[in-house]
Amino acid sequence: MTDITIGIGGAAGDGLDKTGDTLARTAARLGLYVYAYNSYQSVIRGGHIWLRIRLGQEKVESHGDHLSALIALNQDSIERHAPEVEPGGVVLFNADKLRANIPLRDRVITVPLPITELTRSFGRIQPVMQNTVALGALLFLLGLDFEIAAGVLTDTFAYKGKPVVEQNVGLARAGYDYARDRFVPLGCQWSFSRKRRPFITGNEAFSLGAVAGGCKFYSAYPMTPASSILHWMAAHAERCGVVVKQCEDELAVVNMAIGAGLAGVRALCGTSGGGFALMTEAIGQAGMIEAPVVIIEVQRGGPSTGIPTKTEQADLNQVFGASQGDFPRIIIAPTNAADCFHTAVEALNLAETYQLPVIIISDLLLSEHPETIEPETLTATVPIERGELVTEWSAENGRYKRYAFTPSGVSPRALPGTANTLYVAATDEHDEEGIVISDVFTNPAVRRKIAEKRMRKLDHALGDLPAPQLAGPLDADVTLIGWGSTQGVIREAGGQLAAAGIRANHLQVKYLFPFHAREVSELLGRSKRTICIEANATGQFARHLRAETGFGVHDRILKYDGEPFEPHYIKEQVLAILEGHLRSLEVTPAEAREIAYHYIRTHLNEELRPGRIEKADSDGGGESVWRIEIIHRDSGKKQGELCVGINTGATHIPAAGAS
């Protein structure tokens, strides 16, 4: 096996994050590549949390689409995920409380851990300590070095003191020894380089890049999934020399950042879609007064409050339409964690060089998932480009014109306090000196020329932005188009298509505005078949592509259930399109089971679970349904039935199947 995926399932409060982090950092210190994704909910306790960690000998660019091992921390996780474990895989659980009482695939090993027995010598322990025992057993089964894991645990719990460190290492050792004495390893053939790679999220990379790029002011109001930028900045503010402000709302957030940028400080703020909606008028203000500012907009499921802990790429229209009127802005969609670091630096440079707002559009997947990156990516030596700054102004030069009409559209910028450079930064339209032309000095000619001046910046900025490149064979059967965070999963899907005999190439767009219309048109004009892949319901980027180039993609693969794309899903959708099959919106059996779980949790009780599923005609004569048995979790005895509409997803209890 060159890569494997481990799933850890449980409830909020079960300690999945520490267990997963220890496993991931152990693998990373051994030189393996790691990619993790946590599907979690907006609760502190309870619910269902599903963390996947993919380890690879070579670079892995998504959480994958298979499951090699499962640590189940509750019965719900066994029932929902143990059937996904592939042949040759393993399911670990607390044998004192849980049972693997459902059908598993062939050659799946169950490892029931006698937690009470294994932890007796440690005295009374917290329930979350079962995770550490299971982790130790998994380390043996995966062939990972226990001493490296012990070092990770030591680093993690050092702040709690030596007794806590020794307890955690001892519990992991107990699980490791138990598995070693009773089971055989899964057969992972690792070659450990022991090159230590940072294991960081996109938001951490944004923060590091911003600091390296000279950011000295960060403002935010806590909003998932952008909040961890605020957490990082607050924790490192003093050491890194950054002023951090947690504001009362997003109106204050963006205006503080714009004010800092106008005063000459490299300024950054962050939010999600709902907070960005409040920022839009101020973003127009930054465009009008030509103040440099960077806004990170981390998308989540919308509209309104939406699903705060799920991913989506559905804010593109909002970012394009931020504020009224025409003004220059730059919109960048980074593609992976390493790119987040460089994009933060680049955005700060562009904002000051062209004196305009720069919007970085990310999403929950990119911002919150951690992955290993090459250590040389994170360098403190980055280019700092501040643009046309006036440090002194002699009266002999005449009156200072802050908004001077220049061929590039970029005017000489003087920081407040520079002698002889007094001007008004008006949000009303104004002339070269900042004198407003919205009242008695209204002048259509001046209005036209200053509007053109501002927009000229985009022509020059476009030349500074590298055009997207087509990856893969030029004579491919199909061209896959994506933007932002989908780069890695599309690339892996392309590999799966190649294995299936389909030649695919790939165009990933990072710079959304201004847009490389000529270059993209030339690339796509040679494509035989184009498919746009994006995580929204309406194909927002495909529409943008057509608006900029006149090119309409042949097909779209859209996903808007809150979970990220997986390579196999993209591959299957591409094959279906190439075979001429229309995309089906019918509820699948797996989705019907999830809908049944939702119904049980919200209307029944935790002692029940979905059982057998079969397709049936509606008992009411309407749409066909999935007929799902509701069974008792322990006995397996049927308690009732639930019907889920195959077309609509509507649920009802059939007359003969009421519980």
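Structure shown above.
Below, the structure is looked at part by part. Just so it is clear, the model here is predicted, and its values are computed rather than measured. Here the residue numbering is sequential within each chain, running from 1 through the sequence in written order. Local features in a predicted model are, by the rule used here, given only for residues with pLDDT of at least 70; side-chain atom pairs are given and counted only at 80 or more, and totals for whole chains, interfaces and linings are based on all residues. Heavy atoms throughout the structure, all of them, feed into the side-chain values; hydrogens and water do not.

## Observations regarding the pattern of salt bridges
Working definition: two side chains of opposite charge can pair if their charged atoms are close together. Put simply, the test is: Put simply, a salt bridge is a Lys or Arg side-chain nitrogen that is within 4 Å of an Asp or Glu carboxyl oxygen. Only DSSP runs of H or I with at least four residues qualify as helices, and only runs of E with at least two residues qualify as strands; both kinds are numbered from the N terminus onward. Type-normalised accessible area, obtained with a 1.4 Å probe on protein chains alone, sets the label of each residue: buried when under 20%, exposed when over 50%, and partly exposed for intermediate values.
For the coordinates displayed, the defined rule picks out 46 salt bridges. The salt bridge involving Glu352 is made with Arg386; its shortest N-O contact spans 2.6 Å. Taken together, the positions of Glu352 in helix α12 (residues 337-354) and Arg386 in the loop between β14 (370-372) and β15 (389-390) put the pair 34 residues apart, joining distant regions of the chain. Since its relative accessible area comes to 2%, Glu352 is described here as buried. By relative accessible area, which is 27% here, Arg386 ends up partly exposed. Connected via shared salt-bridge partners are Asp76, Glu79, Arg80, Glu594, Arg609 and Arg633.

## Some remarks on the sheet that holds strand β20 (residues 511-513)
Going by this rule: Two strands form a pair only when DSSP identifies at least two bridges running between them. Lines fitted to the C-alpha atoms define the axes, with helices restricted to the stretch that makes contact. Angles between their N-to-C directions range from 0 to 180 degrees.
Read from one edge to the other, the open sheet built from seven strands follows the order β9-β8-β10-β11-β13-β12-β20, with strand pairing classed as mixed. Two strands bound the open sheet, and with one partner strand each, they are β9 (243-246) and β20. Mean inter-strand twist for the sheet, computed between neighbouring axes without regard to direction, equals 20 degrees. In the sheet, strand β11 (residues 293-299) pairs with strand β13 (residues 357-363) via seven bridges, with the strands oriented parallel.

## Let's talk about helix α1 (residues 16-29)
Short version of the rule: Each helix should span, by expectation, one fewer than its residue count multiplied by 1.5 Å.
Helix length check: α1 (14 residues) gives 20 Å between terminal C-alpha atoms against 20 Å at 1.5 Å per residue, within 8%. The buried fraction of α1 amounts to 10 of the 14 residues, a majority that puts the element mostly inside the structure. Directly beyond the C-terminal end of α1, a positive phi value near 100 degrees is found at Gly31.

## Some details on the packing of aromatic side chains
Quick reminder of the rule: Note on ring pairs: Phe, Tyr and Trp rings are taken, using the six-membered ring of Trp, and paired if centres are within 6.5 Å. Classes follow the plane angle, with under 30 degrees stacked, over 60 edge-to-face and the rest tilted.
Scanning all chains against the criterion turns up eight aromatic pairs. With centroids separated by 5.7 Å and ring planes inclined at 85 degrees, the aromatic side chains of Phe140 and Tyr176 adopt a geometry described as edge-to-face. Of the two residues, Phe140 is situated in helix α4 (residues 129-142) and Tyr176 in helix α6 (residues 162-182); the sequence distance between them amounts to 36 residues. On the basis of relative accessibility, which here comes to 11%, the residue Phe140 falls in the buried class.

## Quick look at a nonpolar patch on the surface
For clarity, the cut-off: Like charges within 9 Å and nonpolar side chains (Val, Leu, Ile, Met, Phe, Trp, Tyr) within 5 Å are joined into patches, using only residues over 30% in relative accessible area that form no salt bridge. The accessible surface values rely on the Shrake-Rupley method and a 1.4 Å probe; as for residues, cover is taken only from the protein chains in view.
A cluster of nonpolar side chains, contributed by Ile435, Val440 and Phe441, occupies part of the molecular surface with about 330 Å² of accessible area. By secondary structure assignment, the location of Ile435 is in the loop between β16 (413-414) and α14 (444-464).

## Observations concerning helix α19 (residues 589-603)
Convention followed: When we speak of the arc, we mean the arc of directions from the helix axis to the C-beta atoms.
With 15 residues, α19 should reach 21 Å at 1.5 Å per residue; the first-to-last C-alpha distance of 21 Å fits that figure. Those residues of α19 that sit buried are Ala592, Ala596, Tyr597, Tyr599 and Ile600. On an axial view of α19, the arc spanned by its buried residues comes to 165 degrees, and they lie on one face.

## Some thoughts on unusual backbone geometry
Cis rather than trans, the peptide bond between Thr224 and Pro225 has omega equal to 5 degrees. For Pro225, the location among the structural elements is in the loop between β8 (217-220) and α8 (227-240). The residue after Gly302, namely Pro303, is reached through a cis peptide bond having omega 5 degrees. In the Ramachandran plot, Arg194 falls in the positive-phi region, its phi being about 60 degrees despite a non-glycine side chain. In this structure, Arg194 sits in the loop between α6 and β7 (199-201). Accessibility expressed as a relative area gives 43% for Arg194, which makes it partly exposed. Backbone geometry places Asn420, a non-glycine residue, at a positive phi of 65 degrees. Structurally, the position occupied by Asn420 is in the loop between β16 and α14.

## Some remarks on the environment of Pro185
This is how it is decided: Only heavy atoms enter the contact rule, under which two residues are in contact if any of them lie within 4.5 Å.
Take Pro185: it is sitting in the loop between α6 and β7. Given a relative accessible area of 44%, Pro185 falls into the partly exposed group. On a C-alpha basis, the gap between Pro185 and Phe140 in space is 6.5 Å, while along the polypeptide they are 45 residues apart. Non-local contacts of Pro185, meaning those with residues more than four positions away in its chain, are made with Phe140 and Leu141.

As far as function goes, none of this settles anything; it's purely spatial.
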